[in-house]
Amino acid sequence: MTRTLDELRSLIMAEDQQIIEHLAARMNLVRLVGEHKRDSAIPVMQPGQVSAVLDRAAARADEHGLSQRFARVLFDVIIQEACRVEETVASQAGLGSDHVGPTKALIIGGMGSAACVAMDWLVRARISCAVADLVPPATGGFAADAIRPSKRLISAVRESEVVVLATPHDVTMECLPEIGPLLADDAVLVDLLSVKSRYARALADLRLPCAAVGLNPMYGPGLSPARPRGLAVQLRSAGRSSQFLADLERAGISLLRLATAEDHDRMCAQWQALPHAAVISFGAALNALQADATAVARDFAPPPFQALCALLGRALAGFEGRDFGSRLWSSFFLRIGV
């Protein structure tokens, strides 16, 4: 018997209702998973689990004659919503009245972009922040030189439960012997360096009693994803370092924990240094070819060219989260002549 169009549509509506009910049931289970992760201090984001879910969905779709690509796209959206639900569970719980983690931080050199992201992370974890920098903020900070600590900076370091070195690599290496020994035994020393191996060796040579944690926010303030994330490595697992990282994760920060500084540097070489090198090489090649940067190229060049030019514009102009196309085409040849 042939069904009418209205009958077929009614059947589809019934299936849609089943889909919604199954999704609601799935999200209820996700909330339970979120509570378990929160109570066990497990990060929300688990890259291996995400890959397993997507692979399983693609395989099941293929068994039922559906497109694997469709299944992966669909479940990627479902996973994004699941992560949002888990993070909501974590944030609603807060840190609780029995919170025993650090509550007071000092950020040395805290006016840079990475430091701003780190400060946001600390505030989310209910850690109050003061800033010591050569040019401090109008409120909540004071002037200080990390390489030549003043009495005020020495006192602030000794009183802080978390001290963040948000200084350039050479400054961090120079101030470490001055600042590190000032920390209390139960404090946590944090660095934000993109390359940590040399710093980790210098830290080991100092034999400090305090804990040491390396963080890498990865994103500038204007490019931070909706779900804050970054890299973390425990350079010295002592005191409250584990509690400190757990507090950040409980506050909604997704941290990919790495075992060593070398592991961190290898990952950053893949994710940051290699893409930057590729983009700058593309720009250098354009310059050598004396390529046309007129509106004709902008309007007719294929998407890969457009994308590389956009990335080049950010790399050279330092834009963060803004439309940099027009300035790119008017200025990048002047900037790239190296």
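Computed from a prediction, not measured in an experiment: that's the story for all the values here. (Residues numbered from 1 in each chain as written. Predicted model: local features only at pLDDT ≥ 70, side-chain atom pairs only at ≥ 80, totals over all residues. Heavy atoms only, no water.)

## Notes on helix H5 (residues 151-159)
Inspection of H5 places Leu153, Ala156 and Val157 among the buried residues, and these make up the whole buried set. For H5, the arc enclosing every buried residue in end-on projection is 100°, short of the 170-degree limit, so these residues lie on one face. Residues of H5 that are exposed and point over 90 degrees away from its buried face: Lys151 and Arg158. In the core, the buried residues of H5 are packed alongside strand S1 (104-108), strand S2 (128-133), strand S3 (141-143), strand S4 (162-165) and helix H6 (169-179). (Buried < 20%, exposed > 50% of the residue type's maximum accessible area, 1.4 Å probe, protein only. Helix = DSSP H or I, 4+ residues; strand = E, 2+ residues; numbered from the N terminus. Arc of directions from axis to C-beta. Contact = heavy atoms within 4.5 Å.)

## Section: the environment of isoleucine 280
Summarising the element assignment, isoleucine 280 is placed in helix H9 (residues 261-289). Overall, the relative accessible area of 37% leaves isoleucine 280 in the partly exposed class. Once the C-alpha coordinates of isoleucine 280 and leucine 308 are considered, the two residues, 28 residues apart in sequence, prove to be 9.4 Å apart.

## Looking at the sheet that holds strand S7 (residues 229-236)
Reading across from one edge, S3-S2-S1-S4-S5-S6-S7-S8 is the order of the 8 strands in this open sheet, with mixed pairing throughout. The sheet terminates laterally at S3 and strand S8 (254-258), the two strands that pair on one side only. Strand after strand, the sheet turns through a mean of 25° between neighbouring axes, direction not considered. Pairing of strand S6 (residues 211-216) with S7 involves 5 bridges; the strand directions are antiparallel. Each residue of the ladder has a partner; that of alanine 212, found in S7, is arginine 236. (Pairing = 2+ DSSP bridges. Axes fitted to C-alpha atoms, helices over the stretch in contact; angles between N-to-C directions.)

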